Amino acid sequence: MLSLKAALAKPFAKRVYKSVQKWANNPIETQEKVFQELISTAAATQFGEDHDFISINTHADFVKRVPIRDYEDLKPYVERVVAGEENILWKGKPLYFAKTSGTTSGAKYIPITKESMPTHVEAARNAILLYIAETGNSKFVDGKMIFLQGSPVLEKQHGIQLGRLSGIVAHYVPKYLQKNRMPSWDTNCIEDWETKVNAIVEETLPENMTIISGIPSWVQMYFEKIQEKTGKKVGDVFKNFNLFIFGGVNYEPYRAKFENLIGRKVDSIELFPASEGFFAFQDKQNEKGMLLQLNSGIFYEFIKADEFFNEKPKRLTIKDVELGVNYVLIVSTNAGLWAYNVGDTVEFTSLKPYRVIVSGRIKHFISAFGEHVIGKEVEQALQEAIKGSEIQVTEFTVAPQITPEQGLPYHEWFIEFVNEPANLDDLSIKIDESLQSQNSYYFDLIKGNVLQPLKITRIKKNGFQEYMKSIGKLGGQNKIARLSNDRKIANVFETQNLIK
């Protein structure tokens, strides 16, 4: 029998589903309205005055006046906001800064405003409600839910609180879910990731866990510790666990390992949250891609990834995009980011409604030889190669080997296996064939004897965790780069003896 909370969730979910359909079915008008509101609201800010927002009426006007910027380019404005100045990028002061560790910029401070904060919370809520509307399954709302996240402890600077995005969001869990939320506040505040996960295992083992969420690589660590402690599959420990919510990375490379750890299949919901905005969530269990959030105070532009480094790449709006093209995601938001390069690349899987998958990072690619290999391609190649086999992979990354001791250069795949292949060379061939079929540049380089086929280097058990720990990025929202255009990661594997 359904509890009152579970019963009430269903009509609420239907109402939310209908409201989402309204804007999803009117995408171009919705985005135009968002665009006009952003420009008019920020016209009197310092950024608005510097870029003549008062004269901007169309996207073409915006393109002329506001260049694409990454964090480094926007930093002079951000530093003024951090110093406590008002009306710089957006009206007033932000509520928070989401502090992230940038790879090139040191710490990044991404503003979150009173207008943008609710969109983060609403999108996360709607993802679950649309799942209820589609499946009719609402029993899980009575169980315990966990989100493996950063510490919710916030610092204060010039009257603005700062911390990790997941820690900020922890302050916005609705009251009706407060009793269901895990881990406890004290455990959530533990900074050391391994200590924190051990404490989470102790707290959750006796509970009726129904939803577990987080970045797959860190949830995997949690699952492995549960299995080590109990000797049981996670699905036997948590008999009512039936929904896994994840974001940040592609789940497919982890799926086989997770099903083995859980002992059965569970439904999953994919999210696309970032400090810069909550961009998309999976709205259908059997449709590929995530519904792009067009009504969340974010105006989107898209640049074809293979044109991105041109001097003046064409900036497209939602009405101009095509299926199956790799685009760099550019956003302008009600947190005061303008024509901002998030760094992610996306590909559209549907235009009615607009759904995307995250295909990689514009900085995470290999083109040491002109091959333009992206994250989605290596993930798909590995997935196809191990499909139907007993092979299971914990984690992997790929780097170019430009100066091998003998023979032609090649791509080196660093893989940590759970179940190793009987023949490593056979697996290498399968991955390489899949990569060639997906990427014509790579195909040409192999056939033209510029590159030799890829080689696999095995990483020791927990080697990727040791690597992340060594660079101070174990746990939280941190994730391994799938691809590098250099050998920085490879060199750490070698110097720390993480190679098997």
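Described in the following lines is the structure provided in the data block. Since we're looking at a predicted model, the values are computed, not measured.

**Quick notes on the packing of aromatic side chains**
Part 1: Following the criterion strictly, the structure yields 26 aromatic pairs and no others.
Part 2: Plain terms: the ring middles of Phe 97 and Tyr 109 are 6.1 Å apart, the flat faces sit at 85° to each other, and that makes the pair edge-to-face. Of this pair, Phe 97 sits in strand S1 (residues 96–102) while Tyr 109 is found in strand S2 (residues 106–112), placing the two residues twelve residues apart along the sequence. Across the pair, Tyr 109 and Phe 97 agree in class, each one buried.
Part 3: An angle of 75° between the planes, with centres 6.1 Å apart, marks the rings of Tyr 327 and Phe 348 as edge-to-face. Pair noted here: Tyr 327 is in strand S13 (residues 326–333) and Phe 348 is in strand S14 (residues 340–351), with a separation of 21 residues, a long-range link.
Part 4: An aromatic cluster is built from Phe 272, Phe 279, Tyr 300, Phe 302, Tyr 327, Phe 348 and Tyr 354, whose rings are joined through pairwise contacts.

**Considerations on the pairing of strand S8 (residues 243–247)**
Part 1: Of all five residues in S8, five are buried, a share of seventy percent or more.
Part 2: Burial along S8 is two-sided: the residues Leu 243, Ile 245 and Gly 247 and Phe 244 and Phe 246 are all buried.
Part 3: For the segment spanning S8, helix H13 (residues 252–262) and strand S9 (residues 267–274), crossover handedness is right-handed.

**Some points on the packing of helix H17 (residues 463–470) against helix H18 (residues 488–495)**
Part 1: It is the contact of H17 with H18, at a shortest axis distance of 11 Å, that shows an interaxial angle of 105°. The orientation of H17 with respect to H18, classified from their angle, is roughly perpendicular. Residues Phe 464, Tyr 467 and Ser 470 of H17 pack against Ile 489, Val 492 and Phe 493 of H18.
Part 2: The class makeup of the residues in the contact of H17 with H18 is five nonpolar, one polar and no charged.

**A look at the sheet that holds strand S3 (residues 144–147)**
Part 1: Read from one edge to the other, the open sheet built from eleven strands follows the order S6-S3-S7-S8-S9-S10-S11-S15-S14-S13-S12, with strand pairing classed as mixed. Either end of the sheet is taken by a strand with one partner, and the two such strands are strand S6 (181–182) and strand S12 (298–304).
Part 2: Looking at chain direction, S12 and S13 are connected through seven bridges and run antiparallel. Bridged to Ile 303 within S13 is Val 328.

**Focus on the packing of helix H14 (residues 375–386) against helix H15 (residues 424–438)**
The description of two packed helices rests on the angle between their axes and on the distance between the axes.
Part 1: Closest axis-to-axis distance for the H14/H15 pair is 8 Å, and the angle between their directions is 135°. One element, H14, and the other, H15, form an angle in the oblique class. For H14 against H15, the interelement crossing comes out right-handed. Of the residues in H15, those touching H14 at Lys 376, Glu 377, Val 378, Gln 380, Ala 381, Leu 382, Glu 384, Ala 385 and Ile 386 are Leu 427, Lys 430, Ile 431, Ser 434, Leu 435 and Gln 438.

**Overview of the pattern of salt bridges**
Part 1: Inspection of the entire model under this criterion finds 20 salt bridges.
Part 2: Among the ionic pairs, Glu 85 bridges to Arg 80, the shortest N-O distance being 2.9 Å.
Part 3: Glu 85 gets classed as partly exposed once you look at its relative accessible area, which sits at 33%.
Part 4: By relative accessible area, Arg 80 is classed as partly exposed at 30%.

**Quick word on helix H2 (residues 27–42)**
Part 1: Taking 1.5 Å of rise per residue, the 16 residues of H2 would be expected to cover 22 Å, and the 23 Å separating its terminal C-alpha atoms lies within 8% of that figure.
Part 2: Regarding H2, the residues found buried are Pro 27, Thr 30, Gln 31, Val 34, Phe 35, Leu 38, Ile 39 and Ala 42. The buried residues of H2 occupy an angular sector of 160° when the element is viewed end-on, so they sit on one face. Opposite the packed face of H2, turned more than 90 degrees from it, sit the exposed residues Glu 29, Lys 33 and Ser 40.

**Some remarks on the sheet that holds strand S19 (residues 410–419)**
Part 1: In space, the three strands of this open sheet follow the order S18-S19-S20, with mixed pairing throughout. With partners counted over all chains shown, the strands left at the sheet margins are strand S18 (392–401) and strand S20 (455–458), one partner each. The average angle at which neighbouring strand axes cross in this sheet is 30°, direction not considered.
Part 2: Relative to S19, S18 runs antiparallel, the two being bridged by nine bridges. Counted as the bridge partner of Phe 396 is Ile 415 from S19.
Part 3: H17 rests against S18 and S19 of the sheet, and its axis sits at about 115° to S19.

**Some thoughts on the nonpolar core**
Part 1: Counting 89 residues, the largest nonpolar core has Phe 302 and Trp 338 as the members making the most contacts within it.
Part 2: Formed by 42 residues, the second largest nonpolar core is a distinct cluster that contains Val 197, Met 221, Phe 238 and Phe 464.

**Focus on helix H16 (residues 440–447)**
Part 1: Three or more residues of H16 are buried, namely Tyr 442, Leu 445 and Ile 446. Burial along H16 is one-sided: seen end-on, the buried residues are contained in an arc of 100°.
Part 2: Residues of H16 that are buried in the fold lie against strand S17 (373–374), S19 and H15.
Part 3: Between a side-chain oxygen at the N-terminus of H16 and the backbone nitrogen of Tyr 442 the separation is 2.9 Å; the capping residue is Asn 439.
Part 4: Just downstream of H16, Asn 449 is the residue with a positive phi angle, here 55°.

**Observations concerning the environment of Leu 329**
Part 1: Examined against the element boundaries, Leu 329 turns out to sit in strand S13.
Part 2: On the accessibility criterion, Leu 329 (1% relative accessible area) is buried.
Part 3: Taking C-alpha positions, Leu 329 is 9.7 Å from Arg 361, a pair spaced 32 residues apart along the chain.
Part 4: Look past the residues within four positions of Leu 329 in its chain and what remains in contact with it is Phe 272, Phe 279, Tyr 300, Glu 301, Phe 302, Tyr 340, Asn 341, Val 342, Gly 343 and Asp 344.

**Here's the deal with the environment of Ala 422**
Part 1: Position of Ala 422 among the secondary structure elements: in the loop between S19 and H15.
Part 2: Along the backbone, Ala 422 and Asn 198 are 224 residues apart, and their C-alpha atoms lie at a distance of 34 Å.

Cut-offs used in this document
Residues numbered from 1 in each chain as written. Predicted model: local features only at pLDDT ≥ 70, side-chain atom pairs only at ≥ 80, totals over all residues. Heavy atoms only, no water. Phe/Tyr/Trp six-rings, centres within 6.5 Å; stacked < 30°, edge-to-face > 60°. Helix = DSSP H or I, 4+ residues; strand = E, 2+ residues; numbered from the N terminus. Buried < 20%, exposed > 50% of the residue type's maximum accessible area, 1.4 Å probe, protein only. Right-handed = clockwise from strand over helix to strand, strands pointing away. Axes fitted to C-alpha atoms, helices over the stretch in contact; angles between N-to-C directions. Parallel < 35°, antiparallel > 145°, perpendicular 65-115°, else oblique. Contact = heavy atoms within 4.5 Å. Nonpolar A, V, L, I, M, F, W, Y, C, P; charged D, E, K, R; others polar. Pairing = 2+ DSSP bridges. Left-handed = near helix turned anticlockwise from the far one by under 90°. Salt bridge = Lys/Arg side-chain N within 4 Å of Asp/Glu carboxyl O. Expected span 1.5 Å × (residues − 1). Arc of directions from axis to C-beta. Core = buried A, V, L, I, M, F, W, Y, C linked by side-chain atoms within 4.5 Å. Polar contact = N/O pair within 3.5 Å; in protein donor to acceptor, adjacent residues only side chain to side chain.

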